[in-house]
Amino acid sequence: MGNVGFDLDMTLADTRRGIAAVYDELSRQLGVVIDSAVVVTRLGPPLEQELANWLPPEEVPAAAELFRRMYPDVAVPMTTAMPGAREAVERVRAAGFDVIVVTGKNTRDARRTLEHLGLAVDDVVGSVFGAAKGSALASFGAAAYVGDHVADIAAARAGGAVSVTVATGPYTVGELREHGADVALSDLTEFAAWFDGFYSVARPSGGA
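Residues numbered from 1 in each chain as written. Predicted model: local features only at pLDDT ≥ 70, side-chain atom pairs only at ≥ 80, totals over all residues. Heavy atoms only, no water.

Colleague: Sorry, what's going on with the overall build of the chain here?
Modeller: Counting its regular elements, the chain contains 10 helices and eight strands. Along the longest, intermediate and shortest principal axes, the C-alpha atoms of the chain span 55 × 35 × 30 Å. When the 208 residues of the chain are sorted by exposure, 51% land in the buried category. Counting contacts in the chain only where the partners sit at least 6 residues apart, residues at least 24 apart contribute 60% of the total. For the chain, the exposed surface amounts to about 8900 Å²; the carbon and sulfur share of it is 52%. Of the charged side chains in the chain, 17 are positive and 27 negative; the average position of the first set lies 3 Å away from that of the second. (Helix = DSSP H or I, 4+ residues; strand = E, 2+ residues; numbered from the N terminus. Buried < 20%, exposed > 50% of the residue type's maximum accessible area, 1.4 Å probe, protein only. Contact = heavy atoms within 4.5 Å. Areas by Shrake-Rupley, 256 points an atom, 1.4 Å probe, with all protein chains shown as cover. Lys, Arg positive; Asp, Glu negative; His and termini not counted. Charge placed at Lys NZ, Arg CZ, Asp CG, Glu CD.)

Colleague: What should I look at first to understand the packing of aromatic side chains in this one?
Modeller: We describe a pair of aromatic rings using the distance from one ring centre to the other and the angle between the two ring planes. Applying the stated criterion to the full structure yields nine aromatic pairs. Each ring, one from Phe191 and one from Phe195, has its centre 5.6 Å from the other, and the planes form 20°; the classification is stacked. With Phe191 and Phe195 both in helix H10 (residues 191–202) and four residues apart, this pair spans about one turn of that helix. Overall, Phe191 belongs to the buried group, its relative accessible area being 0%. A relative accessible area of 0% means that Phe195 is categorised as buried. (Phe/Tyr/Trp six-rings, centres within 6.5 Å; stacked < 30°, edge-to-face > 60°.)

And the structure:
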């Protein structure tokens, strides 16, 4: 019970500007229309799933490869921390819990993003989405998983963790509750108050 998992995009990291910039460049290079403003309203699902909305199936793998080649230089420098993200991570670590990031983003770019933001975490698992995150959360013994998407609720359920959600992605607090979140917060600035109560119950042995 000594770990807390976090999603990355739109939970810890505001990746919208950077992702939009990569899609804009991808659109230019491929000569296809991609509405990046629409794309960034529904971040969360795998890259290939989003690309399938704009490209024929046979062109998706090559486009995904090009997107990932551009991402470190274009998107990472434009990424900012979500409000309360730094404080949330620091609060969890100060309490003696490990912080695990489990994300749909590939592990390499997830680590680069966290390094760019200066967020110190204990481990990163990438390229997993929805309930597929459950095995990673279970392997780390995550007591809670924090995310912004209804798929993150499924992830927490699959991993046997408390589902903590923040309405900083595509869903409102009410919608997150309707989808079965155990906890629904407006954003991570509300996380510490919730975590203090949770910590008193789930405190790891030797925790502060």
